[in-house]
Protein chains: 2
Amino acid sequence: MPLRMTRQRMLILEELMRLKTHPTAYELHAIVKRTLPQISLGTVYRNLEQLSASGRCQRLAFGSGNRRYDGNTEAHHHLCCLECGRVDDLPADGHEIEHVLKAALGEVCGYRITGVSIELYGICPACKKRETTKNKKTIRR
Amino acid sequence: MPLRMTRQRMLILEELMRLKTHPTAYELHAIVKRTLPQISLGTVYRNLEQLSASGRCQRLAFGSGNRRYDGNTEAHHHLCCLECGRVDDLPADGHEIEHVLKAALGEVCGYRITGVSIELYGICPACKKRETTKNKKTIRR
DNA sequence: TTTGGTGCAAATTCTTTGCATCTCT
DNA sequence: AGAGATGCAAAGAATTTGCACCAAA
């Protein structure tokens, strides 16, 4: 399935990479509509899903709820506001992580930090096993 | 608003603390129904929301989508399966975090790790300011 | 041309809420 | 008794999908 370069897809990815705001599909739709007024929300959802699945952007999820997308494909971490849902990049590379964690109960980038969480993503033993037996299965979200 | 100890609330919290599976509201509802067959999904949602708001449990959110709840109120981290959505506790305290991150590209607890993310939760400067001016505002989820 | 993509609207899925009734304290 | 809580069902949000038409390769 070769990804066709449609006007819509190109625009979506361009805007996403340009933005630093980790938009939701809904927010990004509002933005791309300024250039392509007739573009549908469904198209934005479909493209974000495909683009993130193929590694051209990242899909994020935080405590506040909505799924957000990030045009920055490098591994990096985030500051999530519990009140407004805003997400900022955490300006810390691997070497600074320790420092950041230690400072976590104080101020970081002007945020009042109330919690820290480290998440590892991967494939669990059961799924690894299932994968090798080629047994596809639909999962309830 | 003193939390009343109803049969439903007690059961929900008990089961949540007993489980190690970080259930969704839907999953937990299925479980508590075994004891209280007439309990409604709405009640489970309402109670999980209250219990987490009052610090008696934790509300989690991961890339896969659904909101999950955790009866363990101590700060700890998670392993999230990208395929089935399963969430396990990461057996690492503060001192081990560094080690875990370094091992992150290999195997942890049998998972094949594909990504690591650190999330800090807190209140952003804009919201802190807004808080002090007592200007309440509803936010789009 | 042909196959994937799009717009639109309807359908799903997850979560919240209004309301009449119940039940802790 | 009275403030909260519950069950139920309907409403809301967020996301996905079926389908007829369109457009990139």
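Fair warning: this is a prediction, and the values are worked out from it, not measured in the lab.

### Re the overall build of chain A
Consideration 1: Looking only at helices and strands, chain A has 5 helices and 6 strands in total.
Consideration 2: When the elements of chain A are put in sequence order from the N terminus, they spell out α-α-α-β-β-β-β-α-β-β-α.
Consideration 3: Scored against the burial criterion, the 141 residues of chain A give a buried share of 43%.
Consideration 4: When the accessible area of chain A is evaluated, it comes to approximately 8,300 Å², of which 54% is carbon and sulfur surface.

### Looking at the packing of helix H1 (residues 7-18) of chain B against helix H2 (residues 25-32) of chain B
When two helices pack together, their arrangement is given by the angle between their axes and by how far apart the axes lie.
Residues and elements named next belong to chain B.
Consideration 1: Packing of H1 against H2 leaves a shortest axis separation of 10 Å and a crossing angle of 110°. Comparing the axis directions of H1 and H2 gives the class roughly perpendicular. Each of Leu11, Ile12, Glu15 and Leu16 in H1 lies in contact with H2, whose residues at this interface are Leu28, Ile31 and Val32.
Consideration 2: Grouping the amino acids of the contact of H1 with H2 by side-chain chemistry returns 6 nonpolar, no polar and 1 charged.

### Comments concerning unusual backbone geometry
Apart from glycine, the bulk of residues carry a negative phi angle, and the bulk of peptide bonds sit in the trans form.
Consideration 1: Of note, the phi angle at A:His22 is positive, near 50°, even though the residue is not glycine.
Consideration 2: Along the polypeptide, A:His22 turns up in the loop between helix H1 (7-18) and helix H2 (25-32).

### Focus on the confidence of the model for chain A
Residue and element names in this part refer to chain A.
Consideration 1: Looking at chain A as a whole, its pLDDT mean stands at 76, while 59% of the residues score no less than 70.
Consideration 2: Taking the mean pLDDT of every element in chain A, the minimum, 56, falls on helix H4 (residues 97-102) and the maximum, 97, on H2.
Consideration 3: This model gives residues 134-141 a pLDDT under 50, and the stretch forms 10 contacts once residues within four places in sequence are excluded.

### Regarding the pattern of salt bridges
Residue and element names in this part refer to chain B.
Consideration 1: Taken as a whole and judged by the stated rule, the model has 6 salt bridges over all chains.
Consideration 2: Here Arg68 and Glu27 are joined by a salt bridge, their closest N and O atoms 3.5 Å apart. Of this pair, Arg68 sits in strand S2 (residues 67-70) while Glu27 is found in helix H2, placing the two residues 41 residues apart along the sequence.
Consideration 3: The class of Arg68 is buried, set by a relative accessible area of 9%.

### Section: helix H3 (residues 41-53) of chain B
Residues and elements named next belong to chain B.
Consideration 1: Across its 13 residues, H3 extends 18 Å between first and last C-alpha, which sits within 8% of the 18 Å expected from 1.5 Å per residue.
Consideration 2: Every buried residue belonging to H3 is among Thr43, Val44, Asn47, Leu48, Leu51 and Ser52, and all of these are buried. One side of H3 carries all its buried residues, which in axial view fall inside an arc of 150°. Opposite the buried face of H3, by more than 90 degrees, sit the exposed residues Arg46 and Ala53.
Consideration 3: Downstream of H3 by a residue or two, Gly55 has a phi angle that is positive, lying close to 75°.

Cut-offs and rules
Residues numbered from 1 in each chain as written. Chains lettered and ligands numbered in written order. Predicted model: local features only at pLDDT ≥ 70, side-chain atom pairs only at ≥ 80, totals over all residues. Heavy atoms only, no water. Helix = DSSP H or I, 4+ residues; strand = E, 2+ residues; numbered from the N terminus. Buried < 20%, exposed > 50% of the residue type's maximum accessible area, 1.4 Å probe, protein only. Areas by Shrake-Rupley, 256 points an atom, 1.4 Å probe, with all protein chains shown as cover. Axes fitted to C-alpha atoms, helices over the stretch in contact; angles between N-to-C directions. Parallel < 35°, antiparallel > 145°, perpendicular 65-115°, else oblique. Contact = heavy atoms within 4.5 Å. Nonpolar A, V, L, I, M, F, W, Y, C, P; charged D, E, K, R; others polar. pLDDT = per-residue confidence, 0-100. Salt bridge = Lys/Arg side-chain N within 4 Å of Asp/Glu carboxyl O. Expected span 1.5 Å × (residues − 1). Arc of directions from axis to C-beta.

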